[in-house]
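# Coordinate analysis (summary)
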Amino acid sequence: MDRQIFSGRQNKENFWYQKGDKIIPATMGLVPSDLTGLGHHNSGFYEHRRSSVVLNLPGLEVFPGDLLVSARAADYLCHPLLLLNSESKKPRWPFSKRGVQGKDKNKHISDLEDCLSSLKITDFRDYEFHTLKDKTWNEVMEMHQKLPTNQLDLRKQQEAVWELFTSEGTYFLDHLLVLKMIFMNTLKYLQTHEYLLDVDLWRLFANLEELSQTSFGFVNSLFRIFKDYVDICETSPSLDFISVLTKYFRGSLCQSHQTYCLNYSAAVFYLESLKQRHDFGIYLKWCEQHDQCRRLHLPELLVAPLHRLTRYPLLLKNIWKRSTDSTEKIMIYSIKEKVEKAIQDLEGKVKWLDNFQKFRHLQEIVVWPPLWDRDKRFFIPECLKHIFKEHMAENILSPTNRHLLYEGKLTLAESTRFLDVYLFLFDDFLLVTKTKRNKKKLGGSDPGLMCPSLTAELQTVIREGGSCTVIDQPIPLDRLLVRGLDPLHVSVFGLRNAFLIQHENRYRQCIAAFLLQAQTENIKRTWIAQITAAISRFTKSQETKKLSSFPLPAEPSGI
């Protein structure tokens, strides 16, 4: 049998090599080495290093005026969705070829296709462990004429570790490398030839370079363990895999996956916006039809790291169950718990980041008119308007202060007309706004910069350069009443699925009322239920705060 399967021959086409304990990227032939996604990401971050964004996360604080931000902070602040300033709305490449028209456009497309046809991607899977990823542990032992151990428990443990190795090899070779070598490096190659210059590599692929390098180091370390095992004489000891698991799962493996996953939803949204372009569609089709893609599409490849991260605890649990040594079991179980905690932390970070991005967009599109525009009853002379300068109304929509519970489009019945309104239900107040669209205005927010969790209605408003103008002051939930209306009472006025919202002052006097109409009865009931539940939660939280602020007096010592 061929024993060269574990040979140590040098592979010139590998894209990393090992120097001591470090994995160092080798030279790649497609593009210059300085065009890396990570470098692009860092440059974009330091371009906005004077941002006044204030973050307060466990173990992470960033304040206005900070010039140098830690690497952990960069994972949040460098994200394009957090940088919604005037510069971020401008195209990075003002003279990009996206706007080419007519004959020039046809020539541009033809040149792009010629550039792609001149690109040749060699087989990049020629690693030592490539032929092993589809084999079982028993098949490998037979290939090397080595009898499996007589200890059943030990053999089961070896099979469980082998499953971790082969699945990591498949993940690295068939997903990460395909993403990197076919999609990302091809895009870099096109950009060096001045095509698709405005496509942001970081927003699409995030830290794919780092993720690929970490995965390669992990699978290569496991490969060396098995190679040493089968090369040792018949009285071979058990596998020494604990050190490898500890090094990578307590090191950069989970962290690099977290960074990638934080960008995933924005990357998918960005990809959907890019698909509308003809030139990007040609690039995408060329990559997906490449033989080494094996009929996988870009969205299927982009989601692979998320699936891989959630599978690690299952693979570690399988190894733990098949281990007999008490010390090994304790260490494996602690590693498994650390990975599970990393996944839980990621879920919290994703929710926080999504909420932060959403509020940044709301601050952009929600317009707070001054008092004299909001209510015509009040006459304020021009010379006195400076006294009524609004107190930074944008700060009301702060992601650190409140959460958005529910939102949606309704119709407001006024005395002479029906008005399209958009309601935002927060955890402490209700905001009623009227949507204003500006279809003539071009150059709204870049669709790739929009938060994926925004509703379709808000996305349309942003894309058309519109806004949501506040109709009245925010209605605190402890001053809000919601009433469902009998259809017999409102059908005379042509209203259906209507309900009433009242705003009361501290003396229980009604100071505003909104007669709202939903599209269906179910939507009406949902709104009433959501508002009622929010009022109940807010009331309970206020009562809890009052009790905590007035502690019971201490009993006299004489009692």
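Just so you know, these numbers come straight off a predicted model, no measurement behind them.

## A look at the overall build of the protein
Each helix and strand counted, the protein has 17 helices and 13 strands in total. Long-range contacts, defined here as pairs at least 24 residues apart, represent 73% of the contacts in the protein between residues at least 6 apart. Just so you have it, the protein exposes about 30,300 Å², and 53% of that area is on carbon and sulfur atoms.

## Points about the packing of helix H5 (residues 152-192) against helix H12 (residues 304-321)
Remark: H5 packs on H12, axes separated minimally by 9 Å, with the N-to-C direction vectors making an angle of 170°. As summarised for this structure, H5 and H12 are arranged roughly antiparallel, according to the angle between their axes. From H5, Ala 160, Val 161, Glu 163, Leu 164, Ser 167, Glu 168, Tyr 171, His 175 and Leu 176 reach across to H12, where they touch Ala 304, Pro 305, Arg 308, Arg 311, Tyr 312, Leu 315, Asn 318 and Ile 319. Considered class by class, the residues forming the contact of H5 with H12 number 10 nonpolar, three polar and four charged.

## Some details on the environment of Arg 506
Examined against the element boundaries, Arg 506 turns out to sit in the loop between strand E12 (498-504) and strand E13 (510-517). Spatially, the C-alpha atoms of Arg 506 and Arg 479 are 7.4 Å apart, while their sequence positions differ by 27 residues.

## Comments concerning the pattern of salt bridges
Inspection of the entire model under this criterion finds 24 salt bridges. A salt bridge links Glu 414 to Arg 417; the shortest N-O distance between them is 2.7 Å. In this structure Glu 414 comes out as partly exposed when scored by relative accessible area, which is 33%. Taken together, the salt bridges that share partners define one network made up of Lys 133, Asp 134, Asp 174 and Arg 294.

## Details of the pairing of strand E7 (residues 418-426)
E7 sits mainly inside the fold: seven of its nine residues count as buried. Where strand E6 (residues 404-413) and E7 come together, nine bridges link them in antiparallel fashion. By the bridge assignment for E7, Leu 404 is matched with Phe 426. Linking E6 to E7, which pair antiparallel, is a turn of four residues. In this structure, E7 lies alongside strand E8 (residues 429-436), joined through five bridges in antiparallel fashion.

## Some remarks on the pairing of E12
Here E12 lies mainly inside the structure; seven of its seven residues are buried. Side chains of E12 alternate between two faces, with Ala 498, Leu 500, Gln 502 and Glu 504 and Phe 499, Ile 501 and His 503 buried alike. Where strand E11 (residues 480-484) and E12 come together, five bridges link them in antiparallel fashion. Residue Arg 483 lies in a different strand from E12, and its bridge partner there is Leu 500. Looking at chain direction, E12 and E13 are connected through seven bridges and run antiparallel.

## A few points about the side chain of Thr 214
When you line up the elements, Thr 214 lands in helix H7 (residues 208-231). Exposure remark for Thr 214: the relative accessible area of 8% places this residue in the buried category. With sequence-adjacent residues up to four places away left out, Thr 214 is seen in contact with Tyr 248, Ser 252, Leu 253 and Ser 256.

## Things to note about a nonpolar patch on the surface
Nonpolar side chains collect at one region of the surface, where Leu 384, Ile 387 and Phe 388 lie side by side and expose about 270 Å² of accessible area between them. Among the structural elements, Phe 388 can be located in the loop between helix H14 (371-374) and E6. Given the relative accessible area of 35%, Phe 388 is considered partly exposed.

## Section: the packing of H12 against helix H13 (residues 326-365)
Look at H12 against H13: their axes get within 9 Å of each other, and the N-to-C directions meet at 165°. Judged by the inter-axis angle, H12 sits roughly antiparallel to H13. Both H12 and H13 take part in a crossing whose hand is left-handed. On the side of H12, the interface is formed by Leu 309, Thr 310, Tyr 312, Pro 313, Leu 316, Lys 317, Ile 319, Trp 320 and Lys 321, while H13 contributes Lys 329, Ile 332, Tyr 333, Ile 335, Lys 336, Val 339, Glu 340, Ile 343 and Leu 346. Its residues assigned to classes, the contact of H12 with H13 comprises 12 nonpolar, one polar and five charged.

## Topic: the confidence of the model for the protein
Per-residue confidence for the protein gives a mean pLDDT of 78, with 73% of residues at or over 70. Across residues 1-19, where pLDDT falls below 50, the model places 58 contacts with residues more than four positions away in sequence or in other chains. Throughout residues 24-99 the model reports pLDDT below 50, and contacts reaching past four residues in sequence, or to other chains, amount to 125 contacts.

The rules behind the values
Residues numbered from 1 in each chain as written. Predicted model: local features only at pLDDT ≥ 70, side-chain atom pairs only at ≥ 80, totals over all residues. Heavy atoms only, no water. Helix = DSSP H or I, 4+ residues; strand = E, 2+ residues; numbered from the N terminus. Contact = heavy atoms within 4.5 Å. Areas by Shrake-Rupley, 256 points an atom, 1.4 Å probe, with all protein chains shown as cover. Axes fitted to C-alpha atoms, helices over the stretch in contact; angles between N-to-C directions. Parallel < 35°, antiparallel > 145°, perpendicular 65-115°, else oblique. Nonpolar A, V, L, I, M, F, W, Y, C, P; charged D, E, K, R; others polar. Salt bridge = Lys/Arg side-chain N within 4 Å of Asp/Glu carboxyl O. Buried < 20%, exposed > 50% of the residue type's maximum accessible area, 1.4 Å probe, protein only. Pairing = 2+ DSSP bridges. Patch = residues over 30% accessible without salt bridge, like charges linked within 9 Å, V, L, I, M, F, W, Y side chains within 5 Å. Left-handed = near helix turned anticlockwise from the far one by under 90°. pLDDT = per-residue confidence, 0-100.

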